[in-house]
Amino acid sequence: MARVFLCVLDSVGCGGAPDAARYGDEGSNTLLHIAEACAAGNAEDGRSGPLRVANLDALGLGAAIRLASGKAAPGLGAVPTGSWGAAEEISAGKDTQSGHWELAGVPVTRDWHYFPRTIPAFPDHLMAELVARSGIPGTLANCHASGTEVLDQFGAEHIATGKPIIYTSADSVVQIAAHEEHFGLERLLDVCRIAAEIFHPLNVGRIIARPFVSEAPGAFVRTANRKDYAIAPPDGTICDRVVAAGGAVHAVGKIGDIFAYKSITDVSKGKDDMALFDQMLSWCDRAASGDLVFANFVEFDSLWGHRRNVSGYARALETFDARLPELTSRLRDGDLLIITADHGNDPTWHGTDHTRERVPVLVTGPGAEGKPLGIIPFAKVAELVASHLKIGQ
Ligand SMILES: O=P(O)(O)O[C@H]1O[C@H](CO)[C@@H](O)[C@H]1O
Ligand SMILES: [Mn+2]
Ligand SMILES: [Mn+2]
């Protein structure tokens with residue numbers, strides 16, 4: 001019996017990337033800066049005091065921060081019991097797709113297409129093609145934006161005109177926001193599918209549907225019906241290898257989208273990260289030997305990192321940490337749990353984009369050896385999975 005549970009805590013970086021300066025991110029450190037803000041009493045919204053993540057720390061969270069960045073995070077001083085280390089990315093880009101593909105063993109060496117910080121950010125002829133093919137009356141925004149601020153700015157005009165809100169970020173993405181009821185969810189997904197046909201050939205990584213609800217600026221909220229249309233990953237990911245070896249890949253959360261459903265056996269969704277955590281627990285009872293349960297917990301990134309909300313991010317870490325024993329206690333002989341991340345998103349950093357960082361790699365399970373991994377390439381995570389499941393190239 002051998003199974004692997006691979007949990008990606010989206011954006012939970014631990015600093016120290018040697019190429020951070022190339023991304024304008026030298027000194028960024030998501031976990032360290034959250035722990036420091038908590039210890040200083042600067043993260044008191046809905047929580048209080050030092051960062052309480054004793055279960056993650058026992059698996060090596062604090063040790064990973066020290067190894068990655070040379071800095072001690074206040075209150076995270078445990079001597080780890082499991083195998084722990086920090087991973088370093090070589091892919092060009094600090095986005096979710098590059099991070100996950102490289103963790104899955106396939107670094108992205110070619111450059112994605114990015115959009116300039118101009119208004120409009122998208123070429124006129126491509127917007128014209130999108131409008132003509134999808135039958136929408138036009139588009140709004142056409143710029144770099146934070147996804148919540150852009151709703152405050154253009155949400156009311158979108159409802160009045162029926163024009164979707166189209167924006168991008170430091171990542172290779174085209175994001176399209178529209179009201180779930182006034183515009184319609186299915187119609188938004190249709191527009192995104194057409195946008196994917198137009199933008200994927202340019203090597204734009206993802207088109208993201210951003211449905212939202214409510215009626216007034218300031219009250220607009222994005223729903224869990226977000227959908228990503230990603231370029232398919234190259235061959236050779238750990239998902240391909242697990243499936244080729246006769247195992248199943250059980251995707252939890254947005255993993256299916258990130259891998260464009262290639263070598264994904266089934267997908268479990270949930271309304272929030274704790275619902276996804278419940279799905280993960282249920283796979284402890286249902287996954288078969290040889291299977292990979294591959295989960296992404298997106299809210300660290302989408303609700304707190306991009307929103308530069310330190311208290312919220314700390315709360316999310318504490319909530320995840322408090323539930324971790326439910327997962328570790330369900331692991332059976334032969335199970336391996338790997339907890340890692342895909343990039344950073346330091347909520348104390350300037351702007352609202354991801355940050356180029358190393359990420360923690362925490363490995364545990366009944367019978368797993370407790371030894372330091374050191375600084376490893378992202379792709380080594382795929383090898384940890386492969387060697388545990390005894391699958392070859
Ligand atoms: O501001 P929001 O819409 O959350 O955007 C974020 O979501 C995108 C996909 O993860 C990223 O590129 C980032 O910019
Ligand atoms: Mn991500
Ligand atoms: Mn993000």
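Computed from a prediction, not measured in an experiment: that's the story for all the values here.

*Asks:* I'd like a rundown of the pattern of salt bridges, residues and numbers included.
*Replies:* A full pass over the atoms with the stated rule returns 21 salt bridges. Between E89 and R356 there is a salt bridge, with its nearest N and O atoms 3.4 Å apart. Taken together, the positions of E89 in the loop between β2 (83-88) and α4 (96-103) and R356 in the loop between β12 (335-340) and β13 (359-364) put the pair 267 residues apart, joining distant regions of the chain. Accessibility assignment for this pair places E89 and R356 in one class, buried. Overlapping salt bridges, with partners in common, bring together D19, E89 and R356 in one network.

*Asks:* Break down the UniProt feature "domain: Metalloenzyme" (unreviewed entry) in the chain for me, citing the residues and quoting the values.
*Replies:* Taking the numbering used here, the UniProt-annotated feature "domain: Metalloenzyme" (unreviewed entry) corresponds to residues 3-369. Secondary structure within residues 3-369 divides into 35% helix and 19% strand; the distance between the first and last C-alpha atoms comes to 16 Å.

*Asks:* Please provide a residue-by-residue account of the coordination of the manganese ion (ligand 3), values included.
*Replies:* Here the manganese ion (ligand 3) is held by D301 (OD), H306 (NE2) and H354 (NE2), and the distances to it run 2.1 to 2.2 Å. One chain supplies every donor for the manganese ion (ligand 3), spaced along it as D-x4-H-x47-H. Taken as a pair, the manganese ion (ligand 3) and the manganese ion (ligand 2) show a spacing of 4.6 Å. Of this pair, H306 sits in the loop between α11 (299-305) and α12 (310-328) while H354 sits in the loop between β12 and β13, and the two are 48 residues apart along the sequence.

*Asks:* Describe the nonpolar core, listing the residues and the values that go with them.
*Replies:* Counting 86 residues, the largest nonpolar core has I238, F297 and I338 as the members making the most contacts within it. The contacts of I338, once residues within four sequence positions are left out, are V4, F5, L6, C7, V361, L362, V363, V381, L384 and V385.

*Asks:* An account of the side chain of D10 is needed here, citing residue identities and associated values.
*Replies:* One can find D10 in the loop between β1 (3-9) and α1 (30-39). No salt bridge is formed by the buried D10; the nearest opposite charge belongs to K254, separated by 4.0 Å. At 2.9 Å, the side chain of D10 forms a polar contact with the side chain of N296. Setting aside chain neighbours within four positions, we find D10 in contact with T96, H100, K254, N296, F297, V298, F300, D301, Y313, D342 and H343.

*Asks:* Describe the site of ligand 1, and please don't skip the residues or the numbers.
*Replies:* Taken together, 14 residues surround ligand 1, and among them G147, S169, D171, R222 and R307 come closest. Take D171: an N or O atom from its side chain is 2.6 Å from an oxygen atom of ligand 1. In the model, an oxygen atom of ligand 1 is placed 2.7 Å from a nitrogen or oxygen of the R222 side chain. Here ligand 1 has 360 Å² of accessible area as a free molecule, and 99% of this is covered by the chains. Of all the secondary structure elements, the ones that give two or more residues to the shell around ligand 1 are β5 (173-179) and β6 (206-213). A total of three residues in the shell around ligand 1 trace back to one element, the largest contributor, which is β6.

*Asks:* Which residues make up the confidence of the model for the chain, and what values go with them?
*Replies:* A residue-level look at the chain finds 100% of positions with pLDDT of 70 or above and a mean pLDDT of 96. Reported for the predicted complex are a pTM of 0.93 and an ipTM of 0.96.

*Asks:* Tell me about the packing of aromatic side chains, and please be specific about residues and values.
*Replies:* One pass over the structure, following the stated rule, counts eleven aromatic pairs. Ring geometry for F300 against Y313: centres 6.0 Å apart, planes inclined by 35 degrees, an arrangement best described as tilted. Here F300, found in helix α11, pairs with Y313, found in helix α12; they are 13 residues apart in sequence, far enough to count as distant. Among the aromatic residues, those joined into a ring-pair cluster are F277, F297, F300, Y313 and F320. Directly above the ring of Y229 sits K227, whose terminal nitrogen or CZ lies 5.4 Å from the centroid. Positioned above the aromatic ring of W283, the side-chain terminus of R286 is 3.9 Å from the ring centre.

*Asks:* Give a detailed account of the sheet that holds β13, specifying residues and quantitative values.
*Replies:* The strands making up a sheet are joined through hydrogen bonds of the backbone, oriented either antiparallel or parallel. The strand order across the open sheet built from eight strands is β10-β9-β11-β1-β12-β13-β2-β14, with neighbouring strands paired in mixed fashion. Each end of this open sheet is capped by a strand with a single partner; those strands are β10 (266-268) and β14 (372-377). Adjacent strand axes in the sheet meet at a mean angle of 20 degrees, parallel and antiparallel pairs treated alike. Pairing of β2 with β14, which is carried by five bridges, proceeds in the parallel orientation. Residue pairing in the sheet places A87 in a bridge with I376 of β14. Relative to the sheet, helix α3 (residues 61-69) contacts β2, β13 and β14, its axis offset from that of β2 by approximately 40 degrees.

*Asks:* So what's going on with the UniProt feature "binding site: Mn(2+) 2" (unreviewed entry) in the chain? Residues and values would help.
*Replies:* With numbering matched to this structure, UniProt assigns "binding site: Mn(2+) 2" (unreviewed entry) to D301, H306 and H354. The greatest C-alpha distance among the annotated residues, which extend across 54 residues, is 8.4 Å, indicating that they converge on a single site. Residues contacting H354, with those up to four places away along its chain left out, are D25, K94, D95, T96, D171, D301, H306, H343, G344 and N345. One polar contact links H354 to D301, side chain to side chain, over a distance of 3.2 Å.

Conventions used here
- Residues numbered from 1 in each chain as written.
- Chains lettered and ligands numbered in written order.
- Predicted model: local features only at pLDDT ≥ 70, side-chain atom pairs only at ≥ 80, totals over all residues.
- Heavy atoms only, no water.
- Salt bridge = Lys/Arg side-chain N within 4 Å of Asp/Glu carboxyl O.
- Helix = DSSP H or I, 4+ residues; strand = E, 2+ residues; numbered from the N terminus.
- Buried < 20%, exposed > 50% of the residue type's maximum accessible area, 1.4 Å probe, protein only.
- UniProt positions renumbered as here; feature names shortened; annotations may be inferred.
- Donors = N, O, S within 2.8 Å, 3.2 Å for Na, K, Ca; no water.
- Core = buried A, V, L, I, M, F, W, Y, C linked by side-chain atoms within 4.5 Å.
- Contact = heavy atoms within 4.5 Å.
- Lys, Arg positive; Asp, Glu negative; His and termini not counted.
- Polar contact = N/O pair within 3.5 Å; in protein donor to acceptor, adjacent residues only side chain to side chain.
- Near = heavy atom within 4 Å.
- Areas by Shrake-Rupley, 256 points an atom, 1.4 Å probe, with all protein chains shown as cover.
- pLDDT = per-residue confidence, 0-100.
- Phe/Tyr/Trp six-rings, centres within 6.5 Å; stacked < 30°, edge-to-face > 60°.
- Lys NZ or Arg CZ within 6 Å of the ring centre and 35° of its normal.
- Pairing = 2+ DSSP bridges.
- Axes fitted to C-alpha atoms, helices over the stretch in contact; angles between N-to-C directions.

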